[in-house]
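The lines below spell out each chain.
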Amino acid sequence: MKKNNKFIIELLITVGIITIMMGTYLLYLSNSKRIFSKAINNIESKTEKILDYENNIENYTIINNLKIKSNTNNLSEYIKKNKENNEYEDIYRILNNINNTEDNLEFTSNKSKKELFINYDSKVNEKEFAKEKYYIKDSTEYYYIKGITKNYINNGRNDYFEALNSTTTEQDNLKYLNKTVLNKLKNSLDNKYFTKTKDKKYTKVSLKLDSKNIDEIYSNVLKELKNDKRANSILTGYDKDFFKNNNKINIISKNEEIYINIYTDSILYNPIKYEFIKGKEKIVFECNKPQKELKVYKNNKLKRTIKIYIDKNKTKAEIYNKNEKIGLIAISKNKDNKKIVVNINENNKNTDLTITIDKYDKKNNKYKLKTIVRLNHTNNAVELYSLEIDDLLELTEAKSINEDISNADFASSLKDNDKTLMKEKKESIINRFK
């Protein structure tokens, strides 16, 4: 009898321990922050794959040539005839701003000599639009902007190469930044930002973002990055005033709110669907089916449904307006090529987009990547605009850097007017695409 009692007691204790462990595990699984952290981990793994590009060259030069052409002649006439309709105004402005643009970028990193050189020039309609240089040598940073600075400007100390050593590459640093930023983001998600509700079918975890908690999250991430020795070194190596220049973020206005909702099952808390809500717009992604679906709502009305089919080397997405199929996105790929084809046909408007990406000539420490983009839009069978983008990137062994910095002026000698002109020049380069 004593042995039986002892067995029963041991059994009850064992079952109790297992129950407590299972309860603790399920509590962990159901934690709102953990559910969002899991989603962020998925982002991290995908971005790391992107950063895992082929580059086994320690000292290298990247040369990138970008050419853009657009045709908006018919669109101009259309806008004049339809002044009450402004649906095309933004695209007309952007396409005109970038038409007949040729951008050339040369980036050389020589870790052995601790030198980095960036040479950028841009032409619009074969006329020079911008010419800038950036140079790091002997842990000192220099820059030159044609038309504004007469000589190179000595901008003081730069520790870009301090974050690199014999076993660490720039690629390693980018991967580290990717992982660190997302980890800091997870750590900055305070439990007070979350709410959790349950029904018979789902557990719903909701993250509310407003201007106040976005500022809190951003400030915390920035503070954590600043305190992380390696991340700090990498970021200030790219821009020594990084933390000074990026101390604020403007994503939404004070009166706006964003909700990110994750619906999970109520047992293991695996994601079933995601929701993104901003004002009267809502995007829903259902991910627990073999055929995944993305739905777009406005004013609580379903506007678009995208049915996604994923195969090993091919992804297809069908776009629907209610029950009418209005478009198709097809992505096919193999080891050295990727092709993206988009066709949308609705209300007598047709948009065709083709993107091809080819990798080739991967030998003798050379690597080339060619990207071609073709876009065409018609309205009632009349072409309103077209766009052609040709981009060629070549990676080779590092070229020698022969820049004369002997007459460099100190940044403190720059006049306020020159600083204003430099800011306006940078903004004009970026604003072409806005």
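Every chain begins its residue count from 1, and numbering advances along the sequence as written. Side-chain atom pairs in this predicted model are given and counted only at pLDDT of 80 or more, local residue features only at pLDDT of at least 70, and totals for whole chains, interfaces and linings cover all residues. For side-chain calculations, the full set of non-hydrogen atoms in the structure is used, while hydrogens and water are omitted.

Student: What am I meant to see in the overall build of the protein chain here?
Tutor: Where helices and strands are cited, they refer to DSSP runs of H or I of at least four residues and of E of at least two residues respectively, numbered from the N terminus. Each helix and strand in the protein chain was counted, giving 9 helices and 20 strands. All accessible-area figures derive from a Shrake-Rupley calculation using a 1.4 Å probe, and residue coverage is judged against the displayed protein chains alone. Carbon and sulfur atoms make up 51% of the accessible area of the protein chain, which totals about 27300 Å².

Student: Can you walk me through empty space enclosed by the protein in this structure?
Tutor: If a probe as big as a water molecule is rolled over the atoms, it shows which places are left empty. With a 1 Å grid laid over protein atoms only, a set of points is called a cavity when a 1.4 Å probe fits there but cannot get out and a pocket when it is open yet has protein on both sides within 12 Å along at least five of seven lines; lining residues have an atom within 4 Å of a point. Grid points are joined across faces, edges and corners, and a volume is the space filled by probe spheres set on the points. Summed over all chains, the structure comprises 2 cavities of 30 Å³ or more. Forming the boundary of the largest cavity are Lys 114, Ile 136, Ser 139, Asn 158, Asp 159, Tyr 160, Phe 161 and Glu 162. The residue inventory of the lining of the largest cavity, partitioned by class, reads 3 nonpolar, 2 polar and 3 charged. Under the scheme applied here, ten amino acids are nonpolar (Ala, Val, Leu, Ile, Met, Phe, Trp, Tyr, Cys and Pro), four are charged (Asp, Glu, Lys and Arg), and all others, including Gly, are polar.

Student: When you look at the pattern of salt bridges in this model, what are you seeing that I'm missing?
Tutor: One speaks of a salt bridge when a side-chain nitrogen belonging to Lys or Arg is within 4 Å of a carboxyl oxygen belonging to Asp or Glu. One pass over the structure, following the stated rule, counts 18 salt bridges. Residue Glu 403 pairs with Lys 133 through a salt bridge whose shortest N-O separation is 3.3 Å. Taken as a pair, Glu 403 in the loop between β19 (382-397) and β20 (409-410) and Lys 133 in strand β4 (residues 127-137) lie far apart in primary sequence, 270 residues in all. For Glu 403, a relative accessible area of 22% corresponds to the partly exposed category. Using a 1.4 Å probe on the protein chains alone, a residue whose accessible area is under 20% of its type maximum counts as buried, one over 50% counts as exposed, and one in between counts as partly exposed.

Student: Even after reading the chapter, I still don't get the environment of Leu 207, so can you show me in this structure?
Tutor: Within the secondary structure, Leu 207 sits in strand β8 (residues 203-210). For Leu 207, a relative accessible area of 5% corresponds to the buried category. Put simply, Leu 207 and Lys 196 are 11 residues apart on the chain and 9.1 Å apart in space, counted from C-alpha to C-alpha.

Student: Would you explain the packing of helix α3 (residues 73-81) against helix α4 (residues 89-98) in this entry?
Tutor: The relative placement of two packed helices comes down to the angle between their axes together with the axis-to-axis distance. In this description, a line fitted to the C-alpha atoms serves as the axis of each element, helices being fitted only across the stretch in contact, and the angle between N-to-C directions of two axes falls anywhere from 0 to 180 degrees. Between α3 and α4, the least distance of the axes is 11 Å, while the angle of their chain directions is 145°. The handedness of the crossing between α3 and α4 comes out as left-handed. Mapping the contact onto sequence places Leu 75, Ser 76 and Ile 79 in α3 and Glu 89, Ile 91 and Tyr 92 in α4. It is the rotation of the near helix from the far one that decides the hand of a crossing: anticlockwise by less than a right angle makes it left-handed, clockwise makes it right-handed. The contact definition used throughout considers only heavy atoms, calling two residues in contact when any of these lie within 4.5 Å.

Student: Explain the pairing of β19 here, please?
Tutor: The two faces of a sheet get side chains in turn, since along a regular strand they alternate between them. Across 12 bridges, strand β1 (residues 60-71) lies against β19 in antiparallel orientation. Within the sheet, the bridge partner assigned to Ile 68 lies in β19 and is Ile 389. At least two DSSP bridges between two strands are required for those strands to pair. Taken together, the 13 bridges between strand β18 (residues 367-379) and β19 define a ladder with antiparallel strand orientation. Residue pairing across strands places His 377 opposite Tyr 385, the latter belonging to β19.

Student: I would appreciate a short explanation of helix α6 (residues 211-227) in the present structure.
Tutor: Within an α-helix, residues lying three or four positions from one another point in the same direction, as the helix has 3.6 residues per turn. Its 17 residues place the ends of α6 24 Å apart at the C-alpha level, agreeing with the 24 Å of an ideal helix rising 1.5 Å per residue. Taken together, the buried positions of α6 are Ser 211, Asn 213, Ile 214, Ile 217, Val 221, Leu 222 and Leu 225. Buried residues in α6 make contact with α5 (170-187), β8, α7 (229-238) and α8 (242-245). Its side-chain oxygen at 3.1 Å from the backbone nitrogen of Lys 212, Asp 210 defines the N-terminal cap of α6. Multiplying 1.5 Å by the residue count of a helix minus one yields the expected span of that helix. Counted as a polar contact is a pair of N or O atoms within 3.5 Å, where, for protein atoms, one must be capable of donating a hydrogen and the other of accepting one, and residues adjacent in sequence contribute only when both atoms are in side chains.

Student: Mind showing me how you'd approach a positive patch on the surface here?
Tutor: A cluster of basic side chains, namely Lys 280, Lys 298, Lys 301, Lys 303 and Lys 322, defines a positive patch on the protein surface. Its place among the elements puts Lys 301 in strand β13 (residues 301-310). Excluding any residue in a salt bridge, patches collect residues exceeding 30% relative accessible area, merging like charges within 9 Å and nonpolar Val, Leu, Ile, Met, Phe, Trp and Tyr side chains within 5 Å. Only four residue types enter the charge count, namely Lys and Arg as positive and Asp and Glu as negative; His and the chain termini do not. Taken as the charge location is NZ of Lys, CZ of Arg, CG of Asp or CD of Glu.

Student: How do you make sense of unusual backbone geometry when you look at a structure like this?
Tutor: With phi around 55°, Asn 100 is a residue other than glycine that occupies positive phi space. Mapped onto the elements of the fold, Asn 100 is located in the loop between α4 and β2 (101-110). A relative accessible area of 32% means that Asn 100 is categorised as partly exposed. For Asn 300, which is not glycine, the phi torsion reads 65° and is therefore positive. The topology assignment puts Asn 300 in the loop between β12 (292-298) and β13.

Student: Please clarify how the nonpolar core should be interpreted in this entry.
Tutor: A general tendency of soluble globular proteins is for nonpolar side chains to be buried together. In this description, a nonpolar core means a group of buried Ala, Val, Leu, Ile, Met, Phe, Trp, Tyr and Cys residues linked to one another through side-chain atoms lying within 4.5 Å. If you look at the biggest cluster of nonpolar residues, it comprises 19 residues, and the most contacted ones within it are Phe 194, Leu 207, Leu 209, Ile 217, Leu 225, Leu 235 and Phe 243. Among the elements of the structure, β8, α6, α7 and α8 are those that each provide at least two residues to this core. The greatest single-element share of this core, amounting to 5 residues, is contributed by α6. Other than its neighbours up to four places away in sequence, Leu 235 contacts Leu 177, Leu 225, Phe 242 and Phe 243. Tyr 134, Tyr 143, Phe 161 and Met 422 belong to the second largest nonpolar core, which has 16 residues in total.

Student: Explain the pairing of β1 to me, please; I cannot follow it from the model alone.
Tutor: In this sheet, β2 lies alongside β1 in antiparallel orientation, the contact comprising 9 bridges. The partner of Ile 63 across the bridge, within β2, is Glu 106.

Student: Help me understand α3 in this model?
Tutor: Of all the residues in α3, the buried ones are Leu 75, Ser 76, Tyr 78 and Ile 79. What you see down the axis of α3 is that its buried residues fit within an arc of 165°, all on one side. Structural note: α3 exposes Asn 73, Lys 80 and Lys 81 on the side pointing more than 90 degrees away from its buried face. This arc is built from the directions going out from the helix axis to the C-beta atoms.

Student: How should I be thinking about the environment of Leu 421 in this particular structure?
Tutor: Relative to the helices and strands, Leu 421 resides in helix α9 (residues 416-431). With 273 residues separating them along the chain, Leu 421 and Ile 148 place their C-alpha atoms 7.1 Å apart.

Student: What is the right way to read the side chain of Thr 371 from this model?
Tutor: Inspection of the secondary structure puts Thr 371 in strand β18. Residues in contact with Thr 371, not counting those within four places in the same chain, are Ile 355, Thr 356, Ile 357, Ile 389, Asp 390 and Asp 391.

Student: How should the side chain of Arg 432 be read in this particular structure?
Tutor: Here Arg 432 lies in the segment after α9. Within the structure, Arg 432 has its side chain in polar contact with the side chain of Asp 103 (distance 3.2 Å). Once residues within four sequence positions are removed from consideration, Arg 432 is found in contact with Ile 94, Asn 97, Ile 98, Thr 101, Asp 103, Tyr 120, Ser 122, Val 124 and Phe 129.

Student: What exactly am I supposed to notice about the packing of α6 against α7 here?
Tutor: It is at 5 Å that the axes of α6 and α7 come closest, and there the two elements cross at 95°. Classified by the angle between their axes, α6 and α7 sit roughly perpendicular to one another. On α7, the residues that touch Leu 225, Lys 226 and Asn 227 of α6 are Lys 229, Ala 231, Asn 232 and Leu 235. Across the contact of α6 with α7, the residue classes break down as 3 nonpolar, 2 polar and 2 charged. By the definition adopted for this analysis, an angle is roughly parallel if under 35 degrees, roughly antiparallel if over 145, roughly perpendicular if from 65 to 115, and oblique otherwise.

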